[in-house]
Amino acid sequence: MLAVILLIWQQQRLSAFFGIVTSPEPISRNFSPEIATPDLGRRHQLSYQQWIDILTQEAKVAADQRPPHLTILVGDSLSLWFPPELLPEGKNWLNQGISGETSNGLLKRLEIFDRTQPEVIFVMIGINDLIRGVSDRVILNNQRQIINYLRKTHPTAQIVVQSILPHGADEATWKGRDKLLAVDNSRIRELNQQLQSICNKKGVKYLDLHPLFTNKQGNLRREFTTDGLHLSPEGYIVWRSALQIYSEIELKPQQEEEGKRLKGKG
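Residues numbered from 1 in each chain as written. Predicted model: local features only at pLDDT ≥ 70, side-chain atom pairs only at ≥ 80, totals over all residues. Heavy atoms only, no water.

If you look the protein chain up in an unreviewed UniProt entry, it shows as GDSL family lipase from Nostoc commune NIES-4072.

Caption draft 1: Layout of the overall build of the protein chain. A tally of helices and strands in the protein chain yields 10 helices and five strands. The burial tally for the protein chain puts 52% of its 266 residues in the buried class. Taking as baseline every contact in the protein chain between residues at least 6 positions apart, the subset at least 24 positions apart corresponds to 73%. Roughly 13,000 Å² of accessible area belongs to the protein chain as shown, and the carbon and sulfur atoms make up 49% of that amount. (Helix = DSSP H or I, 4+ residues; strand = E, 2+ residues; numbered from the N terminus. Buried < 20%, exposed > 50% of the residue type's maximum accessible area, 1.4 Å probe, protein only. Contact = heavy atoms within 4.5 Å. Areas by Shrake-Rupley, 256 points an atom, 1.4 Å probe, with all protein chains shown as cover.)

Caption draft 2: Quick peek at unusual backbone geometry. Despite not being glycine, H69 has its phi angle at roughly 55 degrees, a positive value. Within the fold, H69 resides in the loop between α2 (48-65) and β1 (70-75). Phi is positive for A169, which is not a glycine, with a value near 55 degrees. Within the secondary structure layout, A169 lies in the loop between β4 (158-162) and α7 (177-181).

Caption draft 3: How the structure looks around the pairing of strand β2 (residues 92-97). Most of β2 is tucked away, with six of its six residues classed as buried. Because side chains alternate across β2, one face comprises the buried residues N92, L94 and Q96, and the other comprises W93, N95 and G97, equally buried. Sheet analysis places β1 next to β2, joined by six bridges and oriented parallel. Among the inter-strand pairings, G75 is bridged to a residue of β2, identified as G97. (Pairing = 2+ DSSP bridges.)

Caption draft 4: Representation of the sheet that holds β2 in the model. Pairing is parallel in the open sheet, where five strands are placed in the order β2-β1-β3-β4-β5. Because the sheet does not close on itself, it has two edges, and the strands there are β2 and β5 (205-207). On average, each strand axis in the sheet is inclined to that of its neighbour by 20 degrees, with strand direction left out of account. Across the face of the sheet, α2 comes into contact with β1 and β2 while running at roughly 155 degrees to β2. Against the sheet, helix α6 (residues 136-153) engages β3 (120-124) and β4, with an angle of about 160 degrees to β4. (Axes fitted to C-alpha atoms, helices over the stretch in contact; angles between N-to-C directions.)

Caption draft 5: Just the environment of H210, in detail. Positionally, H210 belongs in helix α9 (residues 210-213). Among the residues examined, H210 registers a relative accessible area of 8% and is labelled buried. Remark: the alpha-carbon pair of H210 and L220, spanning 10 residues in sequence, is separated by 8.8 Å. With sequence-adjacent residues up to four places away left out, H210 is seen in contact with S163, I164, L165, P166, I188, R189 and N192.

In structure tokens form, the structure reads like this:
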């Protein structure tokens, strides 16, 4: 495991793999986060199982230490590369993103963090399914199963499903550009509408990030992306702001109300 961690450090220099906490209390070893922009156009050298091993270890630490205000960020590379320095403060963050992840892959590995006790779980998944040619029906069915599993396993947590982001269309430079362009951004918009409907029926939260990242043509804004698919630091600042504001308006009041209710029972 140590060798894998060193490999990550040498190749990506991403602090997200070394600790899962930004604030207020450390869970794992102390370190000084280094802001780095990963080469997102290059396929990471780790195998999928190595990713799983790392996330399993980090989840185990969170489950054993049970930090307050634990918040889980789960999804694909967009979640994975979220700079720890930019995550909203006042929470202990556990990043469970994997590069290239699909909705089916995520569904099969949700048990990794079963033992944790999160207050909130933020989910974003789906763009890699679209790139790989998975149908909307399958994507939405997987999303339903993900929601069902999280609600059953983490009954006290607030589940927040985030919209799928658009891509940069003709301005994209990502290495899989041809497959990306085969997915029209109008399809992503329509898929998000169906996803929101599912969330409403399931009684979970839905955070619509899509409008924040689109230009007048409905594509991912140039300043928010590095290659038309992955996000730039500016893009993550926008996402951070959305998480912060959404938490204050939609999640915090509900958490406070639940706290009062439980206190009254005691």
